[in-house]
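Structural characterization, general
The residues making up each chain are set out below.
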Amino acid sequence: MPALDMPLSKLEQYMGINPRPDDFDAFWDRALAELDATDPAPRIAPAAFQAPNAECFDLTFTGVRGAQIYAKYLRPKNVPGPHPAVLMFHGYTGNSGDWWDKLAYVNLGYSVFAMDCRGQGGKSEDVGGVKGNTMRGQFIRGLDSGPDHMLMRHIFLDTAQLARVAASMPEVDPARIG
């Protein structure tokens, strides 16, 4: 058994060492107000890639600060809805990946939304406009302009916008999105 630095009973109650900033709620209230004021205006078009059991689409929607965000959208062909959906996101310098690697979910009856995170290696637009460090520092990018301008804040809001877009699709069960 691995060594722990405190008993399990204390670890179960442990809240970390970094205090939550006093303005944490205000920060996210501002962020969600910005998201609420952003019309996603989703646009879907059939993708060049298609599969026998899936309908595949290029999905574009508007994220905060007007960035155009791209996602692959796959849904089961000839499956009555509403059905569950899976949202997928990638790590640094990545993109939404290949179409085929999402087909297992589609074959199980799920819609799949795989987003290209802005500022990374995919098709999403990064409107930029930040000052300071942008090299090897995605988590802090924009911090010199204040926390409301941080790249990761915008990416988190893009994911929330994608969840809203997915929930608005008539074939998706909005209570079963993961």
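The notes below deal with the structure included here. Bear in mind the structure is a predicted one, so any value in this text is a computation, not a measurement. (Residues numbered from 1 in each chain as written. Predicted model: local features only at pLDDT ≥ 70, side-chain atom pairs only at ≥ 80, totals over all residues. Heavy atoms only, no water.)

1. Concerning the pattern of salt bridges
One pass over the full model with this rule turns up ten salt bridges. A salt bridge links D173 to R176, with the nearest nitrogen and oxygen atoms 3.7 Å apart. Owing to a relative accessible area of 17%, D173 belongs among the buried residues under this scheme. One continuous salt-bridge network, built from bridges that share partners, spans E34, R65 and R153. (Salt bridge = Lys/Arg side-chain N within 4 Å of Asp/Glu carboxyl O. Buried < 20%, exposed > 50% of the residue type's maximum accessible area, 1.4 Å probe, protein only.)

2. Here we look at the sheet that holds strand β5 (residues 111-115)
Across the sheet, which stays open at both edges, the six strands sit in the order β1-β2-β3-β5-β4-β6 with mixed pairing between neighbours. Unpaired on one side and paired on the other, β1 (43-46) and β6 (172-177) mark the two borders of the sheet. Looking at each pair of strands side by side, their axes are set apart by 30° on average, direction ignored. Where β1 meets strand β2 (residues 54-62), four bridges bridge the pair, whose relative direction is antiparallel. Bridging from a neighbouring strand, A45 pairs with D58 of β2. Along the sheet, helix α4 (residues 151-168) makes contact with β2, β3 (68-76), β4 (83-88), β5 and β6, crossing β2 at roughly 130°. (Pairing = 2+ DSSP bridges. Helix = DSSP H or I, 4+ residues; strand = E, 2+ residues; numbered from the N terminus. Axes fitted to C-alpha atoms, helices over the stretch in contact; angles between N-to-C directions. Contact = heavy atoms within 4.5 Å.)

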